[in-house]
Amino acid sequence: MKFTWFHLMPWPHMPDDFREKHRSVWVDLPNKMYQPELGHIAYHQYLDQLEYAETVGFDGIGVNEHHANAYGLMPSPNIMAATLTRRTSRAALVVLGNSIALYNPPLRVAEEMAMLDVLSGGRLIAGFPVGTSMDTNYAYGTIPALTREKYAEAHELIRKAWAADEPFAFNGRYTKLRYVNCWPKPLQQQMPVFIPGGGSVETYDFCLDNTYSYSYLSYSGYLRARLLMDGYWKRVAERKVDESPYRAGFAQVICVADTDEEAERLYGPHVNYFYNRCLHVYPGFADAPGYRTVKTIQTGALSQFTAAAARDYPSMSWKDLTENRYIVAGSPETVRQQLEELIKTLRVGNIFCLMHIGNMPDDKVRHSTKLFAEKVMPHLRNLWPEWQNHDDRFWCHPMHEPVPTRIAAE
Amino acid sequence: MKSKFLPLKHLGARIEVVEAGKGRDLLFLHGAGGHMVDDPLLAALASKYRVVAPLLPGYGQSGGEDGLRDMLDVTLHTLDVLEGLKLEKPIVVGHSMGGMIAAEMAAIARTEITKLCLLAPAGLWLDGQPVVDIFSKLPYELPGLLFHDAEAGGKLLTAGRGDMEDPEFLKQFLVMNARRMGMAGKLLFPIPDRGLAGRLHRITAKTLIVWGKEDVLIPPAYGDAFKKAISKSKLVRIGKAGHAVGQEKPEAVLKAIREFF
């Protein structure tokens, strides 16, 4: 198993009456709520937490991309990852965004990710999300029905730019470049790529065609994720490719304390903040018409999860959230049992651990993280022995002997 | 009203065309919402004209939407449809998005389009009077945006519609909405301006512009902007009417068209 400690970097200072006063945490929330001085503190605390996760043994540390919102304050995940290249030395840097349809030209993504890969000594795991409709369509103005075509073209350009040894011309519909010439080139010959999926069936085939890992990001937990992940594994079987569990990952809110009761006491308020403020999205911004393909709507998977789940959040208690496994929370043993069930039922080799939740203070984040690393993670390491607990196609390939900074500087 | 189909080989699809009435030819281009069930405007127009109303790809049974990506694609497509329908110098009437398409057609094909009627057309942008973002609206908000009399308008919008609580119907509705508004987004998202302002001066057609005085979706100030930019044009404002001016006041719109052409 691979465990990535993943940060959303939410705005932790939304007021108690946030839901009543604002219709959405995304797109049109006035940025007068954002206070740069407090933002400075939050950013550094968040980056410290990611660095801490490496020191306690997580395999990867992760960042992502969102826009115009208080849910996640990383319009540029690459800037965050760049700071991490300097202060970490072992963990994979999992950049589960860039939303490649948003860059003009998308070559910028190829260049910046190559920079990150070289800076980190080959520790980059790249992510190419389509992006939420809030980000892609409403905040960045991409025409909904053209989003996926634009994404596919950007993906083709980035892959070609990384692979090419000579300048070449790229005549796309959305991007025309007479000279594509990616300096620097990435260090890794085969860049591992994770694709965050949120319920579009086209993404299954896209991952299988390109040997990318399908990473399901959801806040409704692993019981409701079954339908979607079963669909993915069914597709894997139909395509007759190997069933490596590292073809898939799952993001999970996790809280660990000494006892189940202690977990509720310590983390309850912050989980509540997350579900009721960070996820408070105006339905009109959730899904611009044309953003989902007709095929995806026809499978119906989407509406069953998202709409119903989002509606229920405000009324859900700690008991509801834990019993229905929206969150995995409790003592190390409780968390271990539930995660083992998650890993086996969804058949995933990657877990993206969401351990900073909502407005959780630094000491609680570290407490939960440390308990997880010491008392949970070791017991879950060996769940895929037939795959030697690793799949080289779906993980980064660091340089064998990283050049010490001291020598590099001379 | 009955539908016929016009095959378009290059799109690999066929276009649904609604036809009704007798008289002079009138081409009608619908707005982003498509035709309403028993559309009151089409019914009124069909009492005096031979109404021919093709559906844009993505609407009804018209296919081929994946092949249309931008304003020029849609403008030329609609000119192809007009040619395929073999109409005699029709009055070209377009509502909202359809008005935007009709204006583009008239700017490009001056000899083919000599009589133009724009019902609250989209296509311009005034910073001081922003057009409402229809894409982020929820279904229950639409009657108030489209009609002066929201209650009566709401009944028109939901007539013949199934039960939204039925998952199977809801799925069909979501597919229909994604196809239609997905297509509309290529012209209207995120801002319904594809450069028409720079082309309106080319329109030589005799042009009637109609606006509902209570239009909150595209405010009446846009009527003045169109009037100012199109040389041989007249602006008629209709009271107690919102953006769906033709559906809300079909007889008044018919009267304005008959008097002008």
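Here the structure is a predicted model, which means the values were calculated and not measured.

(A) Up close: the overall build of chain A. Secondary structure assignment for chain A yields 16 helices and 11 strands. The C-alpha atoms of chain A give 20 Å as radius of gyration, which agrees with the globular expectation for 410 residues (22 Å, within 12%). Principal axes of the C-alpha set define a box for chain A whose edges measure 60 × 50 × 50 Å. Looking at chain A residue by residue over its 410 residues, the buried ones come to 49%. Within chain A, counting contacts between residues at least 6 apart in sequence, those at least 24 apart form 79% of the total.

(B) Highlighting helix α7 (residues 221-229) of chain B. Residue and element names in this part refer to chain B. All buried positions along α7 are accounted for by Tyr222, Gly223 and Phe226. The buried residues of α7 occupy an angular sector of 105 degrees when the element is viewed end-on, so they sit on one face. For α7, the secondary structure elements touched by its buried residues are β6 (115-119), β7 (206-212) and β8 (233-238).

(C) Broad picture of the pairing of β8 of chain B. Residue and element names in this part refer to chain B. One ladder, built from six bridges, connects β7 with β8; its direction is parallel. Paired with Ile209 across the bridge in β8 is Leu235. As a crossover connection, the stretch from β7 through α7 into β8 is right-handed.

(D) Local environment of the environment of Ser89 of chain A. Here Ser89 of chain A shows up in the loop between α3 (77-87) and β3 (92-95). Separated by 134 residues in the primary sequence, Ser89 of chain A and Leu223 of chain A have C-alpha atoms spaced 36 Å apart.

(E) Quick peek at the nonpolar core. Among the nonpolar cores identified, the biggest contains 198 residues, and Leu93 of chain A together with Val210 of chain B are the most heavily contacted of them. Among the elements that line this core, the one with the most residues is helix α3 (residues 97-108) of chain B, at eight residues. The residues contacting Leu93 of chain A, other than those within four sequence positions of it, are Ile61, Ala81, Leu84, Thr85, Leu116, Ser120, Arg123, Leu124 and Ile125 of chain A.

(F) The arrangement of unusual backbone geometry in detail. Cis geometry marks the peptide bond from Trp183 of chain A to Pro184 of chain A, where omega comes out at -5 degrees. Among the secondary structure elements, Pro184 of chain A is positioned in the loop between β6 (176-180) and β7 (193-197). A positive phi angle, near 55 degrees, is found at Arg347 of chain A, a position not held by glycine. With respect to the element layout, Arg347 of chain A can be found in the loop between α14 (332-346) and β11 (350-354). One non-glycine residue, Ala120 of chain B, lies in positive phi territory at about 40 degrees. As for its placement among the helices and strands, Ala120 of chain B is situated in the loop between β6 and α4 (142-146). Classification of Ala120 of chain B as buried rests on a count of 28 C-beta atoms within 10 Å.

(G) Local environment of the confidence of the model for chain B. In the predicted model, chain B carries a mean pLDDT of 95, and 100% of its residues have values of at least 70. This prediction of the complex comes with two scores: 0.94 for pTM and 0.94 for ipTM.

(H) Region of interest: the interface of chain A and chain B. Listed per partner, the contact involves 17 residues of chain A and 18 residues of chain B. Its residues assigned to classes, the side of chain A that touches chain B shows 11 nonpolar, five polar and one charged.

(I) Highlighting the pairing of strand β5 (residues 91-95) of chain B. Residues and elements named next belong to chain B. With five of five residues buried, β5 is to be regarded as a mostly interior element. Both faces of β5 are covered, namely the face carrying Ile91, Val93 and His95 and the face carrying Val92 and Gly94. Bridging between strand β3 (residues 24-29) and β5 involves four bridges; their strand directions are parallel. Residue Leu27 lies in a different strand from β5, and its bridge partner there is Val92. As defined by bridge partners, β5 adjoins β6 across five bridges and the pair is classed as parallel. Counterpart to Ile91 in the pairing with β6 is Lys115. After leaving β5, the chain enters α3 and then returns to the sheet as β6, a path that is right-handed.

Scoring rules and cut-offs
- Residues numbered from 1 in each chain as written.
- Chains lettered and ligands numbered in written order.
- Predicted model: local features only at pLDDT ≥ 70, side-chain atom pairs only at ≥ 80, totals over all residues.
- Helix = DSSP H or I, 4+ residues; strand = E, 2+ residues; numbered from the N terminus.
- Rg over C-alpha atoms; globule rule 2.2 N^0.38 Å.
- Buried ≥ 20, exposed ≤ 12 C-beta atoms within 10 Å, placed from the backbone.
- Contact = placed C-beta atoms within 7 Å.
- Arc of directions from axis to C-beta.
- Pairing = 2+ DSSP bridges.
- Right-handed = clockwise from strand over helix to strand, strands pointing away.
- Core = buried A, V, L, I, M, F, W, Y, C linked by C-beta atoms within 7 Å.
- pLDDT = per-residue confidence, 0-100.
- Nonpolar A, V, L, I, M, F, W, Y, C, P; charged D, E, K, R; others polar.

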